[in-house]
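Summary of structural features
Next come the chains, spelled out residue by residue.
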Amino acid sequence: MPTAGLPVVAEIVRSGFVEGHHYGSIVALAADGTVDWSVGEVVAPVLPRSSNKPIQALAMVELGLDLPADLLALACASHSGEPFHVEGVRRTLASAGLDESALRTPPDYPLDDDAREAVIRSGGTRSSILMNCSGKHAAMLATCVLKGWDTATYLDPEHPLQVAITDTFARITGEPVTTVAVDGCGAPLLSTSLTGLARAFATLATATDGAERRVAEAIRQHPDFVSGTTRDELALHRAIPGLIGKAGAESCYAVALPDGRAWALKTDDGAPRVRPVLMAEALRRSGVLTDDGVDVEAVETTGRLELLGGGKPVGMIRAAF
């Protein structure tokens, strides 16, 4: 999706001067699954990055993976690498008789600043278990052990685990997978449109039983396991009753509510800073901030990004769609 073909969705405003723009696309689905409104290109394939994780977790549950809710939430996570995340990954691996040596995630430091500094201060180094996708990988390994599949090649797109995930992904998005790329963690990365991604999240959020319900409830019950204790995603989960959401790299974000309304977005430049700004505005535009039980100030705070000058606020990133 070239920038030239996409509309401005946010403005970078400093000292009253618009010094730049973010271009992108957003889709909002109504409760009946139809497109309520959209901006930009919402039917062409994109790579949703980690926004795909709840769908990958769904496939594993359908294959028989039976994790407690907190560890199932961790299977959906781009976790911050806080101690409880790392301990959770070890629990998932141990449940399958494995340890962290089985992980094929690239070594990394925690995403969370404090957690990363704690590792460095203690003399620690990058490791596979600290990488933000290790919860998903641990669940993949546990699924392989359950099914008797090879654990050394679990990232191969032709591995039976990945074939099953692809089948589930196509079914729940309602679209064929046209591209299988390689994600940052090394796992297969499946394409869909923003509309397909929103449709998949709506299916999870509205489920009343089955594997879809288990995944959605795990996210709702343990949103801190899906992201981290300081993340904007956690704040949004806590602010809106029943919400499930997952951000991804390259400024992807998908959110859905139990009534079937759903949103998915992506910016062309992939800047993570603008992602929560756009989602907060999308939810406002769809009337979510007037729903019962919504913490309006908390939602608006997730969408408020100040620009600093001399250490003081002098501007903002503001939605412009």
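Details of the structure are given in the entry above.
Predicted model only: the values in this text are computed from it and were never measured.

Within the chain, the secondary structure is distributed over 12 helices and 10 strands. A compact globule built from 321 residues should have a C-alpha radius of gyration of about 20 Å, and the chain, at 19 Å, falls within 12% of that. Considered along the principal axes of its C-alpha atoms, the chain spans approximately 60 × 50 × 40 Å. The long-range share in the chain, meaning contacts at least 24 apart out of those at least 6 apart in sequence, stands at 64%. Of the roughly 12700 Å² that the chain leaves accessible, carbon and sulfur atoms contribute 52%.

Turning our eyes to something else, we now look at helix 7 (residues 194-206). The α-helix advances 3.6 residues per turn, and as a result positions three or four apart in sequence lie on the same side. Given a rise of 1.5 Å per residue, 13 residues ought to cover 18 Å, and the 18 Å separating the end C-alpha atoms of helix 7 matches this to within 8%. Counting buried positions over the 13 residues of helix 7 gives 10, a clear majority of the element. Those residues of helix 7 that fall on the buried side of the exposure criterion are L194, T195, G196, L197, A198, A200, F201, A202, L204 and A205.

What follows deals with the pattern of salt bridges. Within this structure, the stated rule accounts for 20 salt bridges. Linking D113 and R116 is a salt bridge whose minimum nitrogen-to-oxygen distance equals 2.5 Å. Of this pair, D113 and R116 are both found in helix 4 (residues 113-121), three residues apart, which corresponds to roughly one turn of the helix. Judged by its relative accessible area of 26%, R116 falls in the partly exposed class. The partner of R121 in a salt bridge is E117, and the shortest N-O contact between them spans 3.8 Å. Of the two residues, R121 and E117 are both situated in helix 4; the distance of four residues between them amounts to about one turn of the helix. R121 sits in the exposed class, given a relative accessible area of 64%. Sharing partners across several salt bridges, the network here consists of E62, R171 and E212.

Thresholds applied
Residues numbered from 1 in each chain as written. Predicted model: local features only at pLDDT ≥ 70, side-chain atom pairs only at ≥ 80, totals over all residues. Heavy atoms only, no water. Helix = DSSP H or I, 4+ residues; strand = E, 2+ residues; numbered from the N terminus. Rg over C-alpha atoms; globule rule 2.2 N^0.38 Å. Contact = heavy atoms within 4.5 Å. Areas by Shrake-Rupley, 256 points an atom, 1.4 Å probe, with all protein chains shown as cover. Expected span 1.5 Å × (residues − 1). Buried < 20%, exposed > 50% of the residue type's maximum accessible area, 1.4 Å probe, protein only. Salt bridge = Lys/Arg side-chain N within 4 Å of Asp/Glu carboxyl O.

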